[in-house]
Amino acid sequence: MRKALAVGRKEFWQIVRDRRTLLILLFVPAFFLMLYGYALNFDIRHVRLAVMDREHNADSRDLLASFVNSTYFDIVATPTSMAEIERMMNTGEIRAALVIPEGMSRDLRTGHTAYVQVLINGDNANTATTVYGYAQAIVRGVSAQLQLQLVGGRGFAPPIMMEPRIWYNPELQSTLFLVPGLIGFIVMISSVVSTSLSIVREKERGTWEQVRMAPISTVSYVVGKTIPYFFISLVSAFLIIGAAMLLFELPVRGSWLLLLFGASIFIIGALGTGLLVSTLVDSQALAFLISLLISLLPTFILSGFIFPIASMPAPIRVITYGVPARYFLVILRGIVLKGLGFGMIADQFLALGVYSVVVLGLASVRLAKERG
Amino acid sequence: MPAVTVRDLTRRFGPFLAVDHVSFDVEQGEIFGFLGSNGAGKSTTIRMLCGLLKPSSGTATVGGIDVGRDPEGVKRRIGYMSQRFSLYELLTVEENITFFGGLYGLDDRTLAERRAFALDMAGLKGRERTLTRDLAGGWRQRLALGCAILHEPRILFLDEPTGGVDPVSRRQFWLLINRLSESGVTVFVTTHYLDEAEHCHRLALMHSGRIAALGTVSELKNVFAKRAVVEVRTASPMEAVRALDDLPSVEKTSLFGTALHVWLRPGQRATEPLRERLDGLGIHAESLEFVQPSLEDVFMDVVERAGGTAA
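Along each chain, the written sequence defines residue order, and numbers are assigned to residues from 1. As they are written, the chains are lettered A onward and the ligands numbered 1 onward, keeping that order. For a predicted model such as this one, the threshold for reporting local features is a pLDDT of at least 70, and the threshold for listing and counting side-chain atom pairs is 80 or more; totals across whole chains, interfaces and linings nevertheless cover every residue. Excluding hydrogens and water, the side-chain figures rest on all heavy atoms present in the structure.

Undergrad: Lay out the sheet that holds strand β4 (residues 57-62) of chain B in plain terms, naming residues and giving numbers.
TA: Residue and element names in this part refer to chain B. Here we have four strands laid out as an open sheet, ordered β2-β1-β4-β5, and antiparallel in their pairing. Each edge of the sheet is formed by a strand with only one pairing partner; in this case those strands are β2 (16-26) and β5 (65-66). DSSP bridges decide pairing: two strands pair if at least two such bridges lie between them. Numbering of helices and strands starts at the N terminus; helices are DSSP runs of H or I of at least 4 residues and strands are runs of E of at least 2. Here strand β1 (residues 4-13) pairs with β4 via five bridges, running antiparallel. Within β4, the residue paired with Thr5 across the bridge is Thr61. Here, two residues are considered to be in contact whenever any of their heavy atoms come within 4.5 Å of each other. To get an axis, a line is fitted to the C-alpha atoms, and for a helix only the part in contact is used. The angle between two axes follows their N-to-C directions and goes from 0 to 180 degrees. Against the sheet, helix α1 (residues 42-49) touches β1, β2 and β4, its axis set at about 120 degrees to β1.

This is the structure:
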């Protein structure tokens with residue numbers, strides 16, 4: 001064990017000295033989180049909005065205030081004609097315009113429905129539907145409030161309407177769903193790649209042979225080598241979670257301790273995978289390629305990160321049982337978003353544990369064989 | 001008791017016989033050279049002696065320990081240094097020493113003592129914090145040697161230790177090796193540099209998995225004692241080879257750097273027939289004199305007799 005610690009200390013020095021690798025291990029994951037987080041983000045804020053208010057009274061000002069307070073819209077212009085709105089839309093000065101018609105208050109108070117017009121730049125269909133959804137939600141909110149206030153003076157017809165189509169989730173939780181997947185994805189790749197490379201590098205440079213001449217068993221050498229990577233991956237995982245909390249308001253509703261436990265098992269499995277790769281190949285280039293292939297694609301496609309497993313064809317679904325990120329994602333989403341306790345996701349922990357044991361077992365067998 | 005005893009040591013890789021019933025002893029404190037071209041079986045033998053590779057048959061004991069039965073016990077007792085001076089380039093001089101000390105399980109006090117020794121030996125005092133990758137070849141080599149003997153092994157294996165190092169550093173290195181040998185450490189060196197082999201007390205020449213010749217440097221050179229070797233210096237060596245090859249008194253000729261070595265048949269001592277033949281063909285010879293056979297002569301001869309070619 002003393003010897004394994006000596007190896008661990010050496011590996012740690014090496015990593016610290018190799019600034020590039022350390023940066024990759026610690027900060028690139030968080031950087032990736034931002035990159036992917038924003039790229040995969042379906043939420044849009046601060047939409048540049050033009051307002052043409054033809055009513056100019058308390059009711060119209062209430063409606064405008066709702067738009068501003070939502071933070072989804074910034075009022076950047078108050079044009080006075082449709083032609084002006086058209087020009088602004090064409091130049092990209094605004095992405096949306098709200099037109100409040102004359103006589104809105106009168107309609108409201110006479111039991112009629114007042115129609116407000118929302119114009120949305122449709123060049124990006126995704127953004128447009130999102131913006132449309134926001135406006136819809138705001139208008140309906142105001143409408144519902146007015147309904148309560150005016151209940152005596154009118155029937156059940158909604159006071160204000162935009163359009164009767166509703167198809168956006170007003171909770172806008174897309175990022176929260178994706179971020180746990182990203183965390184698993186990033187941790188998996190960096191752990192597998194860094195472990196496999198660090199061992200294969202020693203084979204290439206000949207230090208592996210030198211160490212094998214020393215009275216230390218291969219297993220304790222490998223254990224010593226992976227200790228620093230375990231801690232670095234763990235720190236990296238929690239850095240990503242921290243970044244996600246800061247940038248995407250990711251809540252952590254469950255137990256941090258349980259989260260630590262789940263992340264530890266997952267990382268051990270990932271390190272084991274990297275170890276197994278390193279026993280199969282002798283060049284860094286090949287190790288890198290194989291590590292990426294077996295960690296990137298399955299974790300991206302087959303873990304439920306983006307595509308729901310339930311909607312996969314049966315043979316593919318079977319394959320997903322061999323992808324550790326699949327279990328980790330359920331654990332992560334369960335703890336972070338739903339605040340689940342251990343009992344609810346014990347089976348996932350078990351599956352993850354089985355994966356780690358199997359992979360480490362295979363790697364040990366391969367390592368023992370190398371002794372010839 | 002010899003430091004290393006090898007009896008009928010054999011290793012197969014599938015149908016290929018890499019080491020074929022090799023037997024020899026190495027005495028304590030001896031510098032024992034293991035010579036041979038690439039693929040002759042040197043590395044396989046050394047790997048078996050270091051406990052890295054199990055013998056297919058035969059036995060070897062290193063420091064009294066059977067390598068087949070207790071490879072870990074062997075590893076504790078030996079030092080090993082390869083031609084690649086396998087140090088960690090991103091670690092400092094001091095960190096490399098600390099790491100290898102830890103690998104051999106040295107306690108803190110012993111480690112401090114041995115660290116000072118290794119630094120002194122490598123001439124790296126005051127440069128403890130230099131990154132190993134910034135060291136020149138000679139220093140790196142001496143540091144690797146220092147790391148290999150931190151645990152004070154009685155037997156040291158050097159696998160082609162001076163590749164890629166300048167001649168001055170090479171000489172310094174051999175001075176260190178001689179000092180170790182004088183203090184009783186057995187040094188087992190593999191090399192394919194023949195000039196390096198001259199530093200060894202005894203030599204084994206390996207060819208095709210077997211030991212083709214074994215003895216002291218002078219014993220091996222004595223193989224030629226009965227035959228004279230004449231060195232011919234000429235501006236046109238190729239023509240000279242053709243001219244001298246079929247003389248009745250000549251056994252064979254070989255190009256030797258810029259000169260020509262002519263091996264006379266046993267009992268022949270006369271250089272006149274050579275001179276006459278060359279003059280007759282109008283080939284000018286600058287000099288024609290008897291020389292001591294070099295190890296390279298021995299090596300070529302052994303390999304030729306074994307029916308192969310030297311690489």
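Structure shown, so let's carry the discussion forward.
Undergrad: Describe the domain arrangement of chain B, naming the residues involved and giving the relevant values.
TA: Where a domain begins and ends is set by an automatic assignment or by a domain database. Considered domain by domain, chain B is made up of domain 1 (4-221) and domain 2 (225-292). Placing a centre on the C-alpha atoms of domain 1 of chain B and another on those of domain 2 of chain B gives a separation of 40 Å.

Undergrad: With reference to specific residues and values, describe helix α4 (residues 82-91) of chain A.
TA: Residues and elements named next belong to chain A. For each residue, the accessible area found with a 1.4 Å probe, counting protein chains only, is set against the maximum for its type, and the residue is called buried under 20%, exposed over 50%, and partly exposed in between. Of the positions making up α4, those classed as buried are Ile85, Met88 and Met89. Projected down its long axis, α4 shows its buried positions confined to an angular sector of 100 degrees, all on one face. Opposite its buried face, α4 presents the exposed residues Ala83, Glu86, Asn90 and Thr91, each directed more than 90 degrees away. Summarising the contacts, the buried residues of α4 are in contact with β1 (47-53), β2 (73-77), β3 (96-100) and β5 (117-120). Directions are taken from the helix axis to each C-beta atom, and the arc is the one they span.

Undergrad: So, the interface of chain A and chain B: which residues are in play, and what are the values?
TA: On the side of chain B, 32 residues touch chain A, which itself brings 27 residues to the contact. Once two parts are put together, the accessible area they lose, assessed with a 1.4 Å probe and summed over both, is termed the buried area. Across the interface of chain A and chain B, roughly 2800 Å² is buried in total on both sides, 58% from carbon and sulfur atoms. Interface area lost by chain A to chain B is led by Arg17(A), Gln210(A) and Met213(A), which between them contribute 26%. The rule for a salt bridge is simple: a side-chain nitrogen of Lys or Arg has to be within 4 Å of a carboxyl oxygen of Asp or Glu. Here chain A is connected to chain B by two salt bridges. Close ionic contact of Arg47(B) with Glu209(A) constitutes a salt bridge, the shortest N to O distance being 2.6 Å. Polar contacts, as used here, are pairs of N or O atoms within 3.5 Å; protein pairs need one atom able to donate a hydrogen and one able to accept it. Residues neighboring in sequence count only if both atoms are side-chain atoms. In this assembly, chain A and chain B are joined by eight residue pairs in polar contact (both at pLDDT 80 or more). Every element with two or more residues in the side of chain A that touches chain B is listed here: α1 (2-17), α7 (174-205) and α8 (207-212) of chain A. A total of nine residues in the side of chain A that touches chain B trace back to one element, the largest contributor, which is α1(A).

Undergrad: Before we move on, can you summarise unusual backbone geometry with the specific residues and values?
TA: If you check the backbone angles, Thr71(A) has positive phi at about 65 degrees while not being a glycine. Locating Thr71(A) in the fold gives a position in the loop between α3 (58-69) and β2.

Undergrad: Summarise the sheet that holds strand β7 (residues 155-159) of chain B; cite the residues concerned and give the values.
TA: Residues and elements named next belong to chain B. As summarised here, the arrangement of the six strands in space is β6-β7-β8-β3-β9-β10, forming an open sheet in which the pairing is mixed. What marks the edges here is a single partner per strand, and that holds for β6 (78-82) and β10 (210-216). On average, each strand axis in the sheet is tilted by 15 degrees relative to the strand beside it, whichever way the strands run. Bridge count between strand β3 (residues 31-35) and strand β9 (residues 202-207): four bridges; the pairing is parallel. Directly across from Leu35, in β9, lies its bridge partner Leu205.

Undergrad: Could you give me a rundown of the packing of helix α9 (residues 237-245) of chain B against helix α10 (residues 272-280) of chain B, with the residues and numbers involved?
TA: Residue and element names in this part refer to chain B. Interhelical geometry of α9 versus α10 gives an angle of 120 degrees and a closest axis separation of 10 Å. The angle between α9 and α10 falls in the class oblique. Crossing geometry of α9 relative to α10 is assigned as right-handed. Contacts between α9 and α10 involve Ala240, Ala243 and Leu244 on the former and, on the latter, Leu274, Arg277 and Leu278. Charged means Asp, Glu, Lys or Arg here, nonpolar means Ala, Val, Leu, Ile, Met, Phe, Trp, Tyr, Cys or Pro, and polar covers whatever is left, Gly included. Its residues assigned to classes, the contact of α9 with α10 shows five nonpolar, no polar and one charged. Relative orientations are named as follows: roughly parallel for angles under 35 degrees, roughly antiparallel for angles over 145 degrees, roughly perpendicular for angles from 65 to 115 degrees, and oblique for any other angle. Working rule for handedness: look at the near helix, and if it is turned counterclockwise from the far one by less than a right angle, call the crossing left-handed; if clockwise, right-handed.

Undergrad: Help me get a handle on the side chain of Ser236(A), residues and values and all.
TA: All names here are of chain A. Positionally, Ser236 belongs in helix α9 (residues 218-248). By relative accessible area, Ser236 is classed as buried at 1%. Those residues in contact with Ser236, other than ones at most four positions away along the chain, are Leu25, Leu26 and Pro29.

Undergrad: Before we move on, could you go through the pairing of β10(B) and cite the residues and values that matter?
TA: Taken together, the six bridges between β9(B) and β10(B) define a ladder with antiparallel strand orientation. In the strand pairing of β10(B), Ala204(B) is matched with Leu214(B).

Undergrad: So what's going on with a nonpolar patch on the surface? Residues and values would help.
TA: For patch detection, residues must exceed 30% relative accessible area and be free of salt bridges, and they are connected within 9 Å for like charges or within 5 Å for nonpolar side chains (Val, Leu, Ile, Met, Phe, Trp, Tyr). For the accessible areas, the method is Shrake-Rupley and the probe is 1.4 Å, while residue cover comes only from the protein chains on display. A surface patch of nonpolar side chains, about 610 Å² in accessible area, is lined by Leu286(A), Leu289(A), Leu293(A), Ile294(A), Leu297(A), Ile301(A) and Phe307(A). Relative to the helices and strands, Leu289(A) resides in helix α11 (residues 284-301).

Undergrad: Tell me about the domain arrangement of chain A, and please be specific about residues and values.
TA: Domain boundaries in chain A define domain 1 (2-40 + 173-370) and domain 2 (47-161). A separation of 49 Å is found between the C-alpha centroids of domain 1 of chain A and domain 2 of chain A.

Undergrad: Mind laying out the layout of surface pockets, listing which residues take part and the relevant values?
TA: All names here are of chain A. Cavity and pocket criteria rest on a 1 Å grid covering protein atoms alone: a 1.4 Å probe that fits but cannot get out defines a cavity, protein on both sides within 12 Å along at least 5 of 7 lines defines an open pocket, and an atom within 4 Å of a point defines a lining residue. Grid points are joined across faces, edges and corners, and a volume is the space filled by probe spheres set on the points. Of the voids in this model, the largest pocket is the one considered here, and its volume is about 800 Å³. Lining the largest pocket we find 34 residues, and of these Thr21, Ile24, Val193, Ser194 and Leu197 sit closest to its centre. Sorting the residues of the lining of the largest pocket by element identifies α1, α2 (19-39), α7, α9 and α11 as the ones contributing at least two each. At eleven residues, α7 tops the list of elements feeding residues into the lining of the largest pocket. By residue class, the composition of the lining of the largest pocket is 19 nonpolar, six polar and nine charged.

Undergrad: Report on the pattern of salt bridges, specifying residues and quantitative values.
TA: Once their charged atoms are close, side chains differing in charge can pair, the charge on each being opposite to the other. As enumerated under the stated definition, the model contains 18 salt bridges over all chains in all. Salt bridges sharing common partners tie together Lys10(A), Glu11(A), Glu202(A) and Lys225(A).

Undergrad: Break down the packing of aromatic side chains for me, with residues and values.
TA: Residue and element names in this part refer to chain A. Aromatic rings from Phe, Tyr and Trp, taking only the six-membered ring of Trp, are treated as a pair when their centres fall within 6.5 Å; an angle between ring planes under 30 degrees marks them as stacked, one over 60 as edge-to-face, and anything in between as tilted. A complete count under the given rule lists 22 aromatic pairs over all chains for this structure. With a centroid separation of 5.2 Å and an interplanar angle of 55 degrees, the aromatic rings of Phe185 and Phe300 are classed as tilted. A residue pair is termed long-range when its members are at least 10 positions apart, and Phe185 in helix α7 and Phe300 in helix α11 qualify at 115 residues. Judged by its relative accessible area of 24%, Phe300 is partly exposed. Ring centres of Phe261 and Phe349 lie 5.2 Å apart, and the angle between their planes is 15 degrees; this geometry places the pair in the stacked category.

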